2 protein chains.
Amino acid sequence: MERITSRRNPLVRSAAALLGSSRERRERREFLCEGARLCRDAAASGVKIKTCFFTPRAREKYRGYLERILGAAESVYMIEDPVAGLLSDTKSPQGIFCLCAWPRQAANNGQAAPDEPCLVLENLQDPGNLGTILRTAEALGRFRVFLLGDCCDPLSPKALRASMGAAFRLWPEGAASAEELLWRLKNEGYSIHGAVPAETARPVTGIDFTKGRHTVVIGNEGSGLTRETAGLCHDLITIPMGGRAESLNAAAAATVLLWELLRRGESDGTAE
Amino acid sequence: MERITSRRNPLVRSAAALLGSSRERRERREFLCEGARLCRDAAASGVKIKTCFFTPRAREKYRGYLERILGAAESVYMIEDPVAGLLSDTKSPQGIFCLCAWPRQAANNGQAAPDEPCLVLENLQDPGNLGTILRTAEALGRFRVFLLGDCCDPLSPKALRASMGAAFRLWPEGAASAEELLWRLKNEGYSIHGAVPAETARPVTGIDFTKGRHTVVIGNEGSGLTRETAGLCHDLITIPMGGRAESLNAAAAATVLLWELLRRGESDGTAE
């Protein structure tokens, strides 16, 4: 196995360039995945691993993980610690990195039944929030997820860590515009609900999500939905709160909304 | 105003000692709070600020925040950047720090009506999870929160950041033992529900939380409730999930449970 000792090695530099730039990731349709568990999840989820880099220490410590990863990797390099530092987004790198091809866009659609609830995220700025929301969506049920406007990148290092690999399996689709996407969903028979913090909006607990097809649209952490997108929704909904409502963060609000979309009480006899 | 230029200054060393040691915080009944917004929230929430340290740059940048903080601080020092580095838990410190007395333990009880729902956290290890859960609890409604066993410290830098200051207002009570606490709550008429990931447990959607008093007990992120605590609960409940259930993280699970505890549907006519 070839060993890379120089931080100037072109393969390493090319991999490191994917770390900080979402444009680089988009143009090359590649991303860099870090950590034993995340890299193993990439392999297990069918993500194409072009190159795996690992340190001698990682080989000792993460033998079981590495076995699975190396079975899927097209090429493999041993690297020294300073090289690992260059590829890492964390303070204490585990020393395992995979340069991967973008997950197939079709994966999501292929698995999703056509009347699954939809989640649309508009201008979400925090990669930790995006990752957490994808992780929660994957845990609670089957969703179709769409990113609108200027959302952060689900394949950035921070979003990947927060998603625990959910982005490998629940790949969010992009959309050209709110108008194009929301009209498409309307034509598929979806009711479109825009989530807002306003007390005057319809309480989410007043909607029977067990009937029909539903889409919830969540906006930017600070400024909420754009006026254009809010205007395209069938109605505006809100989470009724008895506490210090301004404290609810975006990921927690999304968790409540995702849960309500799938929630089946005892009374309607469809509890899963 | 006195100016501190040396990292060896005893006041600074004493404040820095609170950063990394929960034992130090407990024994001195003090903690260190960092950042413009968090320090301002401490002042606004009536936390006793013994000393405020800030850099000249912070004075320019966070004038509005500082005004409020300095109005509440008993003593104030200007510090140089290297001193700020010693007091900080973050990569890019804002340069504002408050050495505070512990929030009054009574604050929580004083505000809480006796039949508010209770949240008991057992052996919660991740300060980010603890902070997020406190923040969500404060947002959604009024809760009494208890920490059981070997929980992480709500006043650690990471927990404080994640809680956005919720710990100042919703101070979690400690408890000597699960037995002592859960019997006390039983005597107050609470039903005690232990949250577990087992599919055989009772679905949380099958319980009418609008009637009676309810306590939900959440266990450690990896190992769940201890056998002793699970045995003391009236029943075991679970979040029914249609997706990759192992992906739900502790804070998201807590969000769903807190939401269910307070949730009022249209049908029961008590929507808030």
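Before reading on, note that the structure itself is shown above.
It should be emphasised that the depicted structure is a prediction, and the values quoted were computed from it without experimental measurement. (Residues numbered from 1 in each chain as written. Chains lettered and ligands numbered in written order. Predicted model: local features only at pLDDT ≥ 70, side-chain atom pairs only at ≥ 80, totals over all residues. Heavy atoms only, no water.)

Tell me what's going on with the interface of chain B and chain A, and back it up with residues and numbers.
Counting from both sides, the interface comprises 31 residues of chain B and, opposite them, 31 residues of chain A. For the pair chain B and chain A, the number of links is four salt bridges. Notably, a salt bridge pairs E138 of chain A with R244 of chain B, separated by 3.9 Å at the nearest N-O pair. Across the chain B-chain A interface, the total number found is 16 residue pairs in polar contact (both at pLDDT 80 or more). Those elements giving two or more residues to the side of chain B that touches chain A turn out to be α8 (127-140) and α13 (250-262) of chain B. (Contact = heavy atoms within 4.5 Å. Salt bridge = Lys/Arg side-chain N within 4 Å of Asp/Glu carboxyl O. Polar contact = N/O pair within 3.5 Å; in protein donor to acceptor, adjacent residues only side chain to side chain. Helix = DSSP H or I, 4+ residues; strand = E, 2+ residues; numbered from the N terminus.)

Would you mind going over unusual backbone geometry in detail, with residue names and values included?
Residues and elements named next belong to chain B. Despite not being glycine, R29 has its phi angle at roughly 50°, a positive value. Tracing the chain through its elements places R29 in the loop between α2 (22-28) and β2 (30-34). Of note, M164 is a non-glycine position whose phi angle comes to about 50°, a positive value. By secondary structure assignment, the location of M164 is in the loop between α9 (157-163) and α10 (166-169). A residue is classified by how much of its surface remains accessible, and M164, at 27% relative accessible area, is partly exposed. (Buried < 20%, exposed > 50% of the residue type's maximum accessible area, 1.4 Å probe, protein only.)

I'd love a proper account of the sheet that holds strand β9 (residues 190-195) of chain B, names of residues and values included.
Residues and elements named next belong to chain B. Strands sit in the order β8-β7-β6-β11-β9-β12-β10 across an open sheet of seven strands; the sheet is parallel. Either end of the sheet is taken by a strand with one partner, and the two such strands are β8 (173-174) and β10 (202-203). Strand direction decides the pairing type here: β9 and strand β11 (residues 213-218), joined by five bridges, are parallel. Counted as the bridge partner of H193 is V216 from β11. With respect to the sheet, helix α11 (residues 178-187) is in contact with β6 (118-122), β7 (144-148), β8, β9 and β11, its orientation differing from that of β7 by roughly 155°. (Pairing = 2+ DSSP bridges. Axes fitted to C-alpha atoms, helices over the stretch in contact; angles between N-to-C directions.)

I'd like a rundown of the relation of the copies chain B and chain A, residues and numbers included.
Taken as rigid bodies, chain B and chain A are interconverted by a rotation of 180° and an axial shift of 0.0 Å, the fit giving an RMSD of 0.0 Å. The two molecules are tied by a two-fold rotation axis, judged by turn and shift. Interface overlap between copies: 100% of the residues of chain B at the interface are likewise at the interface in chain A, consistent with a symmetric, same-surface contact. (Least-squares fit on C-alpha atoms with pLDDT ≥ 70 in both.)

Outline the packing of aromatic side chains, supporting the account with residue identities and numerical values.
For the structure on display, the rule yields eight aromatic pairs over all chains. A ring pair is formed by Y62 of chain A and Y65 of chain A, whose centres lie 6.2 Å apart and whose planes are at 70°; its orientation type is edge-to-face. Its relative accessible area of 29% is what places Y65 of chain A among the partly exposed residues. With centroids separated by 6.0 Å and ring planes inclined at 25°, the aromatic side chains of F53 of chain B and Y77 of chain B adopt a geometry described as stacked. With F53 of chain B in strand β3 (residues 49-54) and Y77 of chain B in strand β4 (residues 73-79), the pair connects residues that are 24 residues apart, well separated along the chain. The pair F53 of chain B / Y77 of chain B is uniform in exposure class, with both members buried. Over the ring of W183 of chain A we find K186 of chain A, and its NZ or CZ is 4.6 Å from the ring centre. (Phe/Tyr/Trp six-rings, centres within 6.5 Å; stacked < 30°, edge-to-face > 60°. Lys NZ or Arg CZ within 6 Å of the ring centre and 35° of its normal.)

Provide a residue-level description of the packing of helix α3 (residues 36-44) of chain A against helix α5 (residues 63-72) of chain A, including the pertinent values.
All names here are of chain A. In the contact formed by α3 and α5, the axes pass within 9 Å of each other and the chain directions differ by 40°. One finds that α3 runs oblique with respect to α5. Here the hand of the crossing between α3 and α5 comes out left-handed. Along the contact surface, α3 presents A36, R37, C39, R40, A43 and A44, while α5 presents Y65, R68, I69 and A72. Residue composition of the contact of α3 with α5, by class: seven nonpolar, no polar and three charged. (Parallel < 35°, antiparallel > 145°, perpendicular 65-115°, else oblique. Left-handed = near helix turned anticlockwise from the far one by under 90°. Nonpolar A, V, L, I, M, F, W, Y, C, P; charged D, E, K, R; others polar.)

Summarise helix α8 (residues 127-140) of chain A; cite the residues concerned and give the values.
Residue and element names in this part refer to chain A. With 14 residues, α8 should reach 20 Å at 1.5 Å per residue; the first-to-last C-alpha distance of 20 Å fits that figure. The buried count for α8 comes to 13 of 14 residues, which makes it a mostly enclosed element. Looking at where α8 begins, the residue whose side-chain oxygen comes 2.7 Å from the main-chain nitrogen of G128 is D126. (Expected span 1.5 Å × (residues − 1).)

So what's going on with the environment of T238 of chain A? Residues and values would help.
All names here are of chain A. Relative to the helices and strands, T238 resides in strand β12 (residues 235-238). Judged by relative accessible area, T238 falls into the buried class, the value being 8%. As a C-alpha pair, T238 and H193 span 45 residues in sequence and 9.5 Å in three-dimensional space. In contact with T238, not counting residues within four places along its chain, are V196, P197, A198, A201, R202, P203 and V204. At 3.4 Å, the side chain of T238 and the backbone oxygen of A198 are in polar contact.

Tell me about the nonpolar core, and please be specific about residues and values.
Counting 72 residues, the largest nonpolar core has L121 of chain A together with L121 of chain B as the members making the most contacts within it. Among residues more than four places away in sequence, those in contact with L121 of chain A are L130, I133, V145, F146, L147, L148, C151 and I218 of chain A. (Core = buried A, V, L, I, M, F, W, Y, C linked by side-chain atoms within 4.5 Å.)

So what's going on with the pattern of salt bridges? Residues and values would help.
Using the criterion set out here, one finds 38 salt bridges over all chains in the structure. With a shortest N-O distance of 2.8 Å, K50 of chain B and E30 of chain B are connected by a salt bridge. Placement of K50 of chain B in strand β3 and of E30 of chain B in strand β2 is noted, with a sequence separation of 20 residues between them. Overall, the relative accessible area of 11% leaves E30 of chain B in the buried class. Via salt bridges that share partners, E24, R28, E30 and K50 of chain A belong to a single interconnected network.

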